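# Understanding the architecture of this molecule
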Amino acid sequence: MRLLIHDNYDQASKWTANYIAHKIQKSHSTPENPFILGLPTGSSPVGIYKSLVEMNKRGILSFNNVVTFNMDEYVGIPEDHPESYHAFMRKHLFDHIDIPEENINILNGNAEDLNAECNRFEEKIKSYGGIELFLGGIGADGHLAFNEPGSSLSSRTRVKTLATDTIIANSRFFGNDMEKVPKTALTVGVGTILDAREIVVIVSGYAKANAVYHAIERGVNHMWTISALQLHSKSMVVCDEDAVSELRYSTVKYFKDIESENIKKHKDL
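The sections below set out a description of the structure shown in this document.

Parameters and conventions
- Residues numbered from 1 in each chain as written.
- Predicted model: local features only at pLDDT ≥ 70, side-chain atom pairs only at ≥ 80, totals over all residues.
- Heavy atoms only, no water.
- Helix = DSSP H or I, 4+ residues; strand = E, 2+ residues; numbered from the N terminus.
- Expected span 1.5 Å × (residues − 1).
- Buried < 20%, exposed > 50% of the residue type's maximum accessible area, 1.4 Å probe, protein only.
- Arc of directions from axis to C-beta.
- Contact = heavy atoms within 4.5 Å.
- Pairing = 2+ DSSP bridges.
- Axes fitted to C-alpha atoms, helices over the stretch in contact; angles between N-to-C directions.
- Core = buried A, V, L, I, M, F, W, Y, C linked by side-chain atoms within 4.5 Å.
- Phe/Tyr/Trp six-rings, centres within 6.5 Å; stacked < 30°, edge-to-face > 60°.

Moving on to helix α4 (residues 114-127). Compared with the 20 Å implied by 1.5 Å per residue over 14 residues, the 20 Å span of α4 between its first and last C-alpha is a close match. Of the residues making up α4, those classed as buried are Glu117, Cys118, Phe121, Glu122 and Ile125. For α4, the angular spread of the buried residues around the axis is 135°, confining them to a single face. In α4, those exposed residues whose orientation departs by more than 90 degrees from the buried face are Asn115, Lys126 and Ser127. Considering only its buried residues, α4 is in contact with β3 (66-70), β5 (104-105), β7 (158-161), β8 (184-187) and α6 (190-194).

Here you go:
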């Protein structure tokens, strides 16, 4: 696992956006052979999406031959609800770039048969040959997508009951009213994420420093699902200084040393 440490969230976001843009450009994707990109919601990727939109508007990055699969969606709220993940993605990314509508894939939290919807999603990912790069963020308890502590590291896309801590954290998007936060969601599994050929997770802030500690300095543990990235041959955590506050000085120094050239490499595009 790689760890790239930036001074602040804005720098980490811009670097990650440039890295993703470089991957898309380098793929020379076509309508017959598109670039398959996994995407998250939440506050963590907002800066990345802003930079990707800017690059698209500048004409240096196209999403015309990109197919996206989102990590998760709440169960039981309309797609046009302001806090649905359909609405989030349109607000922060899809409505501002040249991606074809048919290339966007988000789980349907209002499907008549939720289990069938999860199976359909998994099969559609497989039909494209898998995800090339899965971008992710984490919660303070280290969960990836809605794979809460205790989730199987081989889990697939499924219906998931949300932990109280997650409901509390997400209540800020629902007027701080926990009763308005959906209690279940559809989510890709840890196994689904690990199937991607590359995984990039962005983390910022001291509130998530303990999760980074468990991901980097502790062993693989299903109570900290981000730690599953240790099992992947090409995974990367991109973070700011606050997010590595719980790591040993020697660990931070080591990763800053070995990744110094890579941080310079994708600083601008």
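So, on to the sheet that holds β7. Pairing is antiparallel across the open sheet formed by three strands, whose spatial order is β4-β8-β7. At either end of the open sheet lies a strand with only one pairing partner, and these are β4 (72-74) and β7. When the angles between neighbouring strand axes are averaged without regard to direction, this sheet yields 30°. Bridge analysis of β4 against β8 gives three bridges, and the strand direction is antiparallel. Bridge assignment links Glu73 to a residue of β8, and that residue is Leu186.

If you look at the biggest cluster of nonpolar residues, it comprises 37 residues, and the most contacted ones within it are Leu3, Ile193, Val201, Val203 and Val244. Of all the elements in the fold, those that place two or more residues in this core are β1 (2-6), β3, α4, β9 (198-203), α7 (209-216), β10 (235-240) and α8 (249-258). Sorting elements by how many residues they give to this core places α7 first, with four residues. Counting 34 residues, the second largest nonpolar core, distinct from the first, contains Ala12, Ile24, Ile48 and Leu93.

Moving on: the packing of aromatic side chains. According to the stated counting rule, one finds eight aromatic pairs in the structure shown. For the ring pair Tyr74 and Phe146, a centre distance of 5.9 Å and an interplane angle of 40° mean the geometry is tilted. With Tyr74 in strand β4 and Phe146 in the loop between β6 (133-136) and β7, this residue pair connects regions lying 72 residues apart in the sequence. Like Tyr74, the residue Phe146 is buried in the burial classification.

Notably, Ala145 is not glycine yet its phi reads approximately 55°, a positive angle. The topology assignment puts Ala145 in the loop between β6 and β7. Ala145 sits in the buried class, given a relative accessible area of 9%.

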